[in-house]
Amino acid sequence: MLWRPPGYRFTARELVKGLCGEDTDESKLLMAAIYGKVELFADSTAWNGFLWLVMNTFKVDGKPVYSGPELGALKESLPIVWV
């Protein structure tokens with residue numbers, strides 16, 4: 001019998017709250033996923049919403065602070081199953 005932890009699905013809003021707020025329930029879920037206590041799922045629209053926010057908010061001299069490869073590395077490092 002396979003054991004799996006409880007799963008939760010993140011929306012774009014929950015993804016932003018989890019990555020940008022350290023004392024939110026969403027950030028606690030991200031930490032729990034790192035330790036294997038829960039499994040997190042999100043679809044590409046959640047990631048696209050986060051990307052839109054980052055690319056349009058975090059700018060210096062009108063240019064985005066983060067590059068595409070940096071954001072790609074962030075996505076790959078997250079304990080989220082992208083569906």
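Engineer: I'd like a rundown of the side chain of serine 27, residues and numbers included.
Structural biologist: Following the sequence through the fold, serine 27 ends up in helix 2 (residues 25-34). Engagement of the side chain of serine 27 in a polar contact is seen with the backbone oxygen of threonine 24, the distance being 2.9 Å. When neighbours within four sequence positions are excluded, serine 27 is seen to be in contact with Gly18, Gly21 and Glu22.

Engineer: Lay out the packing of helix 1 (residues 12-20) against helix 2 in plain terms, naming residues and giving numbers.
Structural biologist: For the pair helix 1 and helix 2, interaxial distance at closest approach is 7 Å and the crossing angle is 80°. Considering their axes alone, helix 1 and helix 2 lie roughly perpendicular with respect to each other. Here helix 1 contributes Glu14, Lys17, Gly18 and Leu19 to the contact with helix 2, which in turn contributes Glu26, Ser27 and Leu30. Partitioned by chemical class, the residues of the contact of helix 1 with helix 2 number two nonpolar, two polar and three charged.

Engineer: Describe in detail the side chain of glutamate 26, supporting the description with residues and values.
Structural biologist: Here glutamate 26 is to be found in helix 2. Beyond its immediate sequence surroundings of up to four residues, glutamate 26 is in contact with Phe10, Glu14, Lys17 and Gly18.

Engineer: Describe in detail the nonpolar core, supporting the description with residues and values.
Structural biologist: Ranked by internal contacts, the top residues of the largest apolar core, which has 16 residues, are Phe10, Leu15, Leu40, Trp47, Phe50 and Ile80. Going through the elements one at a time, helix 1, helix 2, strand 2 (39-42) and helix 3 (44-57) are the ones with two or more residues in this core. Of all the elements, helix 3 adds the most residues to this core, at four residues. For isoleucine 80, the contacting residues outside a window of four places in its chain are Phe10, Leu15, Leu30, Leu40, Phe41 and Ala42.

Engineer: Lay out the pattern of salt bridges with the relevant residues and their values.
Structural biologist: Following the criterion strictly, the structure yields three salt bridges and no others. Of the charged contacts, one joins aspartate 43 and arginine 9 as a salt bridge, the two residues approaching to 3.6 Å between their closest N and O atoms. Here aspartate 43 is found in the loop between strand 2 and helix 3, whereas its partner arginine 9 is found in strand 1 (residues 7-10), with 34 residues between them in sequence. Assessed through its relative accessible area of 24%, aspartate 43 is described here as partly exposed.

Reading the values: rules and limits
Residues numbered from 1 in each chain as written. Predicted model: local features only at pLDDT ≥ 70, side-chain atom pairs only at ≥ 80, totals over all residues. Heavy atoms only, no water. Helix = DSSP H or I, 4+ residues; strand = E, 2+ residues; numbered from the N terminus. Polar contact = N/O pair within 3.5 Å; in protein donor to acceptor, adjacent residues only side chain to side chain. Contact = heavy atoms within 4.5 Å. Axes fitted to C-alpha atoms, helices over the stretch in contact; angles between N-to-C directions. Parallel < 35°, antiparallel > 145°, perpendicular 65-115°, else oblique. Nonpolar A, V, L, I, M, F, W, Y, C, P; charged D, E, K, R; others polar. Core = buried A, V, L, I, M, F, W, Y, C linked by side-chain atoms within 4.5 Å. Buried < 20%, exposed > 50% of the residue type's maximum accessible area, 1.4 Å probe, protein only. Salt bridge = Lys/Arg side-chain N within 4 Å of Asp/Glu carboxyl O.

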